[in-house]
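Observations on the model geometry
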Amino acid sequence: MVQDELGRQYIDLIEAAVSHLLYAHADAVPPGSNPVSRRLRRVVRRAGWVPLRLRPIEHSPVMEGRGDWPLYAQSMIGPVRLRSLRECVETVLADQVPGDLIEAGVWRGGACVLMRAILAAHGDEERNVWCADSFAGLPAPDPELHPADRALRLHREPELAIARSEVEATFRRYRLLDERVRFLEGWFSDTLPTLAGRTWSVVRIDADMYGSTMDALNNLYPGLAPGGFVIVDDYGAVEACRLAVEDFRRERGITEPLRRIDWTGVLWRRG
């Protein structure tokens, strides 16, 4: 358990900081998914300008992990999914479930920062936090191998290609970059098989695509300890991801209840 109230407040602060909820206004330019809006977001973020249209944070889509990708926040998943992640990590610590923690698809690294901060606040000196990502965006779909990915065009979105150096810099700003933050760089199909034999207590998957989600499940679930959690971020938002989860659970005969976190996130706990 967290040692004292100061430790709980520290985790609260990290949780709010990575989602940019410490501030009075949302860090988003005018909403919209059109090409002009996407280019404007990139220009504003790179220049370090103040957002062009300030909205009270309580009215921002980021409160539900929805809408345009934020300009400055290190996580786009919103406070509900961040709090659920925190509860999962604290549960495996309290129940002494063995294993490291991993996120497959880290974007700017906010969720991994939160996991590392929770370990620090609880005085855990053994577990690693693994950050698995291409750090170059998403792969192009392979419709012959994964027909469910046929319509996806996420590989064309430069905002999803966050360099490893940027994620490392984020950890460094939080004073959390150390030897227990492990980076695994490359496509999941190439890198995740190298983790065979490792034990996991929390597996968080934010992979969007059918193929990438299935790569993560096939390679990480066998090492998930009983009592550990699988968290899937895009189940409600991306049909291809939902199909991958359902196919995997059916093929593996997984009967543990699939629990909704919010409008898109789901999890289950391994029995």
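Relevant structure appears above.
Keep in mind that what you see is a predicted model, and the values were worked out from it rather than measured. Residue indices follow the written sequence of each chain, beginning from 1 at its first position. Where local features are concerned, this predicted model is filtered to residues with pLDDT of at least 70; where side-chain atom pairs are given and counted, the filter is 80 or more; whole-chain, interface and lining totals use all residues. Hydrogens and water are ignored here; the side-chain numbers use all heavy atoms of the structure.

Side chains on a regular strand alternate between the two faces of the sheet. The pairing of strand β2 (residues 129–133) with strand β3 (residues 181–185) spans five bridges and is parallel. Bridge pairing in β3 places Cys131 opposite Phe183. Call a crossover right-handed when, viewed with both strands pointing away from you, the route from the first strand across the helix to the second goes clockwise. Numbering of helices and strands runs from the N terminus; a helix is a DSSP stretch of H or I covering at least four residues, while a strand is a stretch of E covering at least two. You can see the chain leave β2, run along helix α5 (residues 164–173) and come back into β3, and the turn it takes is right-handed. What makes two strands pair is DSSP finding at least two bridges between them.

Even without glycine at this site, His20 takes up a positive phi of about 65°. Structurally, His20 can be placed in the loop between α1 (5–18) and α2 (35–47). Judged by its relative accessible area of 14%, His20 falls in the buried class. Unusually for a residue other than glycine, Phe135 sits at a positive phi of about 55°. Here Phe135 lies in the loop between β2 and α5. For Phe135, a relative accessible area of 7% puts it in the buried group. Think of it in three bands: with a 1.4 Å probe and only protein chains considered, a residue is buried below 20% of the maximum accessible area for its type, exposed above 50%, and partly exposed in between.

Before going further, it helps to examine the nonpolar core. The biggest cluster of nonpolar side chains holds 76 residues, and the ones touching the most others in it are Val89, Phe171 and Leu220. At nine residues, the largest contribution of residues to this core is made by helix α4 (residues 110–121). Excluding residues that lie within four positions of it along the chain, Leu220 makes contacts with Ile102, Ala104, Leu192, Leu195, Trp200 and Val203. Put simply, a nonpolar core is a bunch of buried Ala, Val, Leu, Ile, Met, Phe, Trp, Tyr and Cys residues held in one set by side-chain atoms that sit within 4.5 Å of each other. By definition in these notes, contact holds between two residues if any of their heavy atoms fall within 4.5 Å.

Okay, the pattern of salt bridges next. Salt bridge, as used here: a side-chain nitrogen of Lys or Arg that lies within 4 Å of a carboxyl oxygen of Asp or Glu. On inspection of all chains with the given rule, the structure shows 21 salt bridges. Put simply, Arg269 and Asp95 hold a salt bridge, and the shortest N to O gap is 2.8 Å. On the criterion of sequence distance, the pair formed by Arg269 in strand β7 (residues 266–269) and Asp95 in the loop between α3 (78–94) and β1 (100–104) is long-range, its members being 174 residues apart. Residue Arg269 is classed as partly exposed on the basis of its relative accessible area, which comes to 28%. Note that Arg127 is salt-bridged to Asp124, the shortest N-O span being 3.2 Å. Like Asp124, Arg127 is buried. Linked by salt bridges that have partners in common, Arg81, Glu103, Arg204, Asp206, Asp233 and Asp262 make up one network.

Centre distance within 6.5 Å is the pairing criterion for rings of Phe, Tyr and Trp, where only the six-membered ring of Trp is used; planes under 30 degrees apart are then read as stacked, over 60 as edge-to-face, and the remainder as tilted. Within the structure shown, the criterion is met by five aromatic pairs. Taking the centre distance of 6.2 Å and the plane angle of 80° together, the rings of Phe171 and Phe183 count as edge-to-face. Within this pair, whereas Phe171 is found in helix α5, its partner Phe183 is found in strand β3, the two being separated by 12 residues in sequence. Classification of Phe183 as buried rests on a relative accessible area of 15%. Measuring from ring centre to ring centre gives 5.5 Å for Tyr221 and Phe248, while their planes differ by 80°; the resulting arrangement is edge-to-face. Linking Tyr221 in the loop between α7 (210–220) and β5 (224–232) with Phe248 in helix α8 (residues 239–252), this pair joins segments that are 27 residues apart in sequence. Look at Tyr221 and you get buried, because its relative accessible area is 6%. What makes Phe248 buried here is its relative accessible area of 0%. Ring-pair connections join several aromatic residues into one group, and the members of that group are Phe135, Phe171 and Phe183. Directly above the ring of Trp268 sits Arg249, whose terminal nitrogen or CZ lies 4.8 Å from the centroid. Here, a charge over a ring is recorded when the distance from Lys NZ or Arg CZ to the ring centre is within 6 Å and its angle to the ring normal is within 35 degrees.

A contiguous nonpolar patch, built from Leu13, Leu22 and Tyr23 and spanning about 300 Å² of accessible area, is present on the exposed surface. As for its placement among the helices and strands, Leu13 is situated in helix α1. For patch detection, residues must exceed 30% relative accessible area and be free of salt bridges, and they are connected within 9 Å for like charges or within 5 Å for nonpolar side chains (Val, Leu, Ile, Met, Phe, Trp, Tyr). Reported accessibility uses the Shrake-Rupley method at a 1.4 Å probe radius. Residues are deemed covered only where the shown protein chains occlude them.

Moving on: the sheet that holds strand β6 (residues 259–260). Pairing within the open sheet is mixed, and its seven strands lie in the order β3-β2-β1-β4-β5-β7-β6. The open sheet is flanked by β3 and β6, the only strands paired with a single partner. As paired elements, β1 and strand β4 (residues 200–205) share five bridges and run parallel to each other. Residue pairing for β4: Ile102 is matched across the bridge by Val203. Working convention: axes come from line fits to C-alpha atoms, limited for helices to the stretch in contact. Angles between N-to-C directions cover 0 to 180 degrees. Contacts between α7 and the sheet are confined to β1, β4, β5 and β7, with β4 contributing the most and set at about 175° to the helix.

Moving on: the packing of α7 against α8. For the pair α7 and α8, the least separation of the axes is 8 Å and the interaxial angle reads 35°. Taken as a pair, α7 and α8 cross one another with a handedness that is right-handed. Across from Tyr210, Thr213, Met214, Leu217 and Asn218 in α7, the residues of α8 making contact are Ala240, Cys241, Leu243, Ala244, Val245, Asp247, Phe248 and Arg252. Helix crossings are classified by the rotation of the near helix relative to the far one: an anticlockwise turn of less than a right angle makes the crossing left-handed, while a clockwise turn makes it right-handed.

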